[in-house]
Protein chains: 2
Amino acid sequence: MIIDCHGHYTTAPKALQAYRDAQIAGLKDPSWKPSRAALGISDDQIREGIEGAQLKQQRERGTDLTLFSPRAAGMGHHIGDATVSQYWSEICNDLIHRVCRLYPENFVGVCQLPQSPGVDPKSCIPELRRCIKELGFVGLNLNPDPSGGYWREPPLTERWWYPIYETMVELDVPAMIHVSASCNPAVHFTGAHYMNGDTTAFMQLITGDLFKDFPSLKFIIPHGGGAVPYHWGRYRGLAQDMKKPLLSEHLLRNVFFDTCVYHQPGIDLLTRVIPADNILFASEMVGAVKGIDPETGFNFDDTKRYIDAVPLSAAEKKKIFEENAFRVFPRLKATLSAARRG
Amino acid sequence: MIIDCHGHYTTAPKALQAYRDAQIAGLKDPSWKPSRAALGISDDQIREGIEGAQLKQQRERGTDLTLFSPRAAGMGHHIGDATVSQYWSEICNDLIHRVCRLYPENFVGVCQLPQSPGVDPKSCIPELRRCIKELGFVGLNLNPDPSGGYWREPPLTERWWYPIYETMVELDVPAMIHVSASCNPAVHFTGAHYMNGDTTAFMQLITGDLFKDFPSLKFIIPHGGGAVPYHWGRYRGLAQDMKKPLLSEHLLRNVFFDTCVYHQPGIDLLTRVIPADNILFASEMVGAVKGIDPETGFNFDDTKRYIDAVPLSAAEKKKIFEENAFRVFPRLKATLSAARRG
């Protein structure tokens, strides 16, 4: 079984963006109140988007299951206040749930949180609980920078974030550390902010001692870990200068990297440097890079081909494609079994 | 000849930091005026710092010449106003000049600019001219984020920066794009801000068309290009989605990467992905990572060993170690000849 741990709902029916546009337009109108509008999206509309894109690509590429969350750039935690973020998150998560009910063998939900800059992350717990306990989701996306490119929140190792971690441990779910759109004109979203978010978060984890307080907490750093595996020597050296334990002890019981690296040399480096136990297969399709690589004739984000080509054993590849996902997302097995029972 | 294109004066006598501390303390005192204080640093004090560190390591590692600039984290463009930055830059650049006069075969100067957040970069031109024309420097460090981690300046492709570029073209000098310290508590300086600065700047260059306006302008992206070579497929794909030319045409006539990547797998990837014509040898010693790698027994930043070990031809290695530096820093040959004439 091949599990893609990183897919976003980038092909949602237009009514979703229309709701969001109305929500954003309303922010300028003092008489406007955010509401949980009915979107009027039919199951057929959902099928149309999914079957022509994510499901089609699963079939073409030979992957089985995508851990599926709302569009990352669409989370837009910097827009409006916590109530706006709350309603928007509920709607987005509900749509993910509908996709997962329509295709229970192909998609399992991961939620976005109703974060808002400077707002106590405690406010996200009810929605997190709802998604895990009621909707059957298996993980969450945590945005380390809800300001959208200005990095105003405390580092992830600060107590500010602990209420989220306590709930994660209680519910036994991991978080993918994933920023959203950049509203900083100097910082391109998929070409800079995403990479920077991954790199910054990892360095925060080196600097702190978070996993002493939460030994079972699990994070996935997406996009192959940003700059981290390429600079693994730098990070080992910085940790050593800071008198931290070896990264294998300090972080690698708790931190995992996905395989959203869109060329063979990058995946070769990732799998050479990071233990197979810490790598989870992912493509982020249909996502940041949509085209066909003229050097290979295949989609840049068809990452399964790169993993197939690396000189790892079959057992190691099975970890990357499947076993690690079940280990990092402990609720996944039960969710899939429940879905199969119907 | 082996030229290290990226070294900072991290071992300056303590009087330099004492001046800076007084300058910073003065910012809180309304009666204080910034001044160009005499530092009272002797040649012997300079020799002591250099001979026990940078010069010693040049000899031990078998490198010949370092392109030497003030400490990057020390530039601190976010501190005080443009006058504070002006005086601080003059003092730092003058000290670099003294090092280069004491060791003309071993060090050639690269300047810091008196940038200040939100201040027209035109204000930096007199100091840039002075360093190149009077002090014999061959390049500059350009900080794309003088706010120190908040990214408030326009992208490098905006006309805001053009006065600097016009002067660079006139003087025939390249810029290393190098951020300074981070004053953002979420963003570690050498572990996140430096990498993010490199990645962000490269993505700005993809998005714009700067080199249409300045076909001879040259930039060096340090630290192996941040996340860029590891994600070369992503950047090729993003450029393609944006209908830009191939990166080889769009950027690689003007953009170069250094080799400050502190482990063999990273250098292997860099030299596999980026043409040898676009790679300049560098170590940034004595810099961000000072320790010995327990996996190799050698310093993490002894990058010459990694280049020695890659499967490139002798001709390609000669480009990386020497020839590209003379090409990217066109004033270097004349500066060295003048130094040898005494």
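Calculation notes
- Residues numbered from 1 in each chain as written.
- Chains lettered and ligands numbered in written order.
- Predicted model: local features only at pLDDT ≥ 70, side-chain atom pairs only at ≥ 80, totals over all residues.
- Heavy atoms only, no water.
- Pairing = 2+ DSSP bridges.
- Helix = DSSP H or I, 4+ residues; strand = E, 2+ residues; numbered from the N terminus.
- Contact = heavy atoms within 4.5 Å.
- Buried area = accessible area lost by both parts, 1.4 Å probe.
- Salt bridge = Lys/Arg side-chain N within 4 Å of Asp/Glu carboxyl O.
- Polar contact = N/O pair within 3.5 Å; in protein donor to acceptor, adjacent residues only side chain to side chain.
- Buried < 20%, exposed > 50% of the residue type's maximum accessible area, 1.4 Å probe, protein only.
- Phe/Tyr/Trp six-rings, centres within 6.5 Å; stacked < 30°, edge-to-face > 60°.
- Lys NZ or Arg CZ within 6 Å of the ring centre and 35° of its normal.
- pLDDT = per-residue confidence, 0-100.
- Lys, Arg positive; Asp, Glu negative; His and termini not counted.
- Least-squares fit on C-alpha atoms with pLDDT ≥ 70 in both.
- Right-handed = clockwise from strand over helix to strand, strands pointing away.
- Expected span 1.5 Å × (residues − 1).
- Disulfide = S-S within 2.5 Å.

Draft legend 1. Region of interest: the sheet that holds strand 1 (residues 3-9) of chain A. All names here are of chain A. In spatial order, the strands read 1-2-3-4-5-6-7-8; together these 8 strands make up an open sheet with parallel pairing. Two strands close off the open sheet at either side, each with one partner strand: strand 1 and strand 8 (279-280). Judged from the 3 bridges that link them, strand 6 (residues 219-221) and strand 7 (residues 255-258) form a sheet pairing that is parallel. For Ile221, the partnering residue across the bridge sits in strand 7 and is Phe257.

Draft legend 2. Up close: the interface of chain B and chain A. The interface of chain B with chain A comprises 59 residues on the first partner and 59 residues on the second. Buried surface at the junction of chain B and chain A, summed over both partners, amounts to about 4600 Å²; 55% is from carbon and sulfur atoms. Looking at the side of chain B facing chain A, the largest losses of area belong to Tyr230, Arg234 and Arg236 of chain B, adding up to 18% of the total buried there. Where chain B meets chain A, there are 8 salt bridges. Our count for the chain B to chain A interface comes out at 28 residue pairs in polar contact (both at pLDDT 80 or more). Mapped by element, the contributors of at least two residues to the side of chain B that touches chain A are helix 7 (189-207), helix 9 (232-241) and helix 11 (264-273) of chain B.

Draft legend 3. Summary view of the pattern of salt bridges. By the definition in use, this model includes 34 salt bridges over all chains. Put simply, Arg47 of chain B and Asp44 of chain B hold a salt bridge, and the shortest N to O gap is 2.8 Å. Within this pair, Arg47 of chain B and its partner Asp44 of chain B are both found in helix 2 (residues 43-51), separated by 3 residues, close to a single helical turn. In this structure, Lys56 of chain B and Glu60 of chain B form a salt bridge, with 3.4 Å as the shortest nitrogen-oxygen distance. Taken together, the positions of Lys56 of chain B and Glu60 of chain B, both in helix 3 (residues 54-61) and 4 residues apart, correspond to about one turn of that helix. On the basis of relative accessibility, which here comes to 55%, the residue Glu60 of chain B falls in the exposed class. Salt bridges sharing common partners tie together Asp94, Glu127 and Arg130 of chain A.

Draft legend 4. Seen up close, the packing of aromatic side chains. On inspection of all chains with the given rule, the structure shows 30 aromatic pairs over all chains. Ring geometry for Phe189 of chain A against Tyr194 of chain A: centres 6.0 Å apart, planes inclined by 90 degrees, an arrangement best described as edge-to-face. The class of Phe189 of chain A is partly exposed, set by a relative accessible area of 34%. What makes Tyr194 of chain A buried here is its relative accessible area of 3%. A centroid spacing of 5.6 Å and a plane angle of 75 degrees characterise the contact between Tyr165 of chain B and Phe214 of chain B, whose relative ring orientation is edge-to-face. You can see Tyr165 of chain B sitting in helix 6 (residues 162-171) and its partner Phe214 of chain B sitting in the loop between helix 8 (210-213) and strand 6 (219-221), a full 49 residues away along the chain. Each member of the pair, Tyr165 of chain B together with Phe214 of chain B, is buried. One aromatic cluster in this structure is built from Tyr162, Tyr165, Phe211, Phe214 and Phe219 of chain A. Between the NZ or CZ atom of Arg305 of chain B and the centre of the ring of Phe298 of chain B, over which it lies, the distance is 3.3 Å. One Lys or Arg, Lys333 of chain B, reaches over the ring of Phe326 of chain B and ends 5.1 Å from the middle of that ring.

Draft legend 5. Representation of the confidence of the model for chain A within the structure. Per-residue confidence for chain A gives a mean pLDDT of 96; residues scoring 70 or more make up 100%. The ipTM value of the predicted complex is 0.97, and its pTM value is 0.98.

Draft legend 6. Structural context of the side chain of Asp258 of chain B. Relative to the assigned elements, Asp258 of chain B resides in strand 7 (residues 255-258). One buried charged residue, Asp258 of chain B, forms no salt bridge at all, with the nearest opposite charge on Arg234 of chain A at 7.6 Å. Among the polar contacts listed, one links the side chain of Asp258 of chain B to the side chain of His6 of chain B, at a separation of 2.7 Å. At 2.9 Å, the side chain of Asp258 of chain B forms a polar contact with the backbone nitrogen of Gly224 of chain B. Contacts of Asp258 of chain B, omitting those with residues within four sequence positions, involve Cys5, His6, Met176, Ile220, Ile221, Pro222, His223, Gly224, Leu270, Leu280 and Ala282 of chain B.

Draft legend 7. Highlighting the relation of the copies chain B and chain A. Each copy superposes on the other: chain B lies on chain A with an RMSD of 0.0 Å after a rotation of 180 degrees and an axial shift of 0.0 Å. Taken together, the rotation and translation describe the operation of a two-fold axis. If distances are taken from each C-alpha of chain B to the rotation axis, the shortest is found for Ala227 of chain B, at 2.0 Å.

Draft legend 8. Spatial organisation of the pairing of strand 7 of chain B. Residues and elements named next belong to chain B. The alternating pattern of strand 7 places Val255 and Phe257 and Phe256 and Asp258 on opposite faces, both of which are buried. Of the pairings in the sheet, the one linking strand 7 to strand 8 (residues 279-280) comprises 2 bridges and is parallel in character. Its bridge partner lying in strand 8, Asp258 is registered against Leu280. Between the parallel pair strand 7 and strand 8, the chain is carried across by helix 11, and the sense of this crossover is right-handed.

Draft legend 9. Highlighting helix 4 (residues 82-102) of chain A. All names here are of chain A. When the terminal C-alpha atoms of helix 4 are compared, their 30 Å separation across 21 residues agrees well with the 30 Å that a helix rising 1.5 Å per residue should span. In terms of residue burial, helix 4 counts as a mostly covered element, since 15 of its 21 residues are buried. By the N-cap criterion, in which a side-chain oxygen at the helix start approaches the backbone nitrogen of a residue two or three places on, helix 4 is capped by Asp81, the distance to Thr83 being 3.1 Å.

Draft legend 10. Structural context of helix 9 (residues 232-241) of chain A. Among the 10 residues that make up helix 9 of chain A, 8 are buried, leaving the element largely enclosed by the rest of the structure. Along its buried surface, helix 9 of chain A packs onto helix 7 (189-207), helix 10 (247-250), strand 7 and helix 11 (264-273) of chain A together with helix 7 of chain B. Of the residues flanking the end of helix 9 of chain A, it is Lys243 of chain A, one or two places downstream, whose phi is positive at about 60 degrees.

Draft legend 11. Quick look at the side chain of Asp198 of chain B. The residue Asp198 of chain B is located in helix 7 in this model. We note that Asp198 of chain B is buried and unpaired, the nearest opposite charge coming from Arg234 of chain A at a distance of 6.9 Å. Ignoring anything within four residues of it in the chain, the contact list for Asp198 of chain B reads Ile177, Ile221, Pro222, His223, Gly225 and Gly226 of chain B.

Draft legend 12. Structural detail: the state of the cysteines. All names here are of chain B. Within this structure, the stated rule accounts for 0 disulfides over all chains. This cysteine, Cys5, is not joined by any disulfide, and Cys260 carries the nearest cysteine sulfur, 6.9 Å off. Classification of Cys5 as buried rests on a relative accessible area of 5%. Of all cysteine sulfurs in the structure, the one in Cys131 sits closest to Cys111, which takes part in no disulfide; the separation is 4.2 Å.

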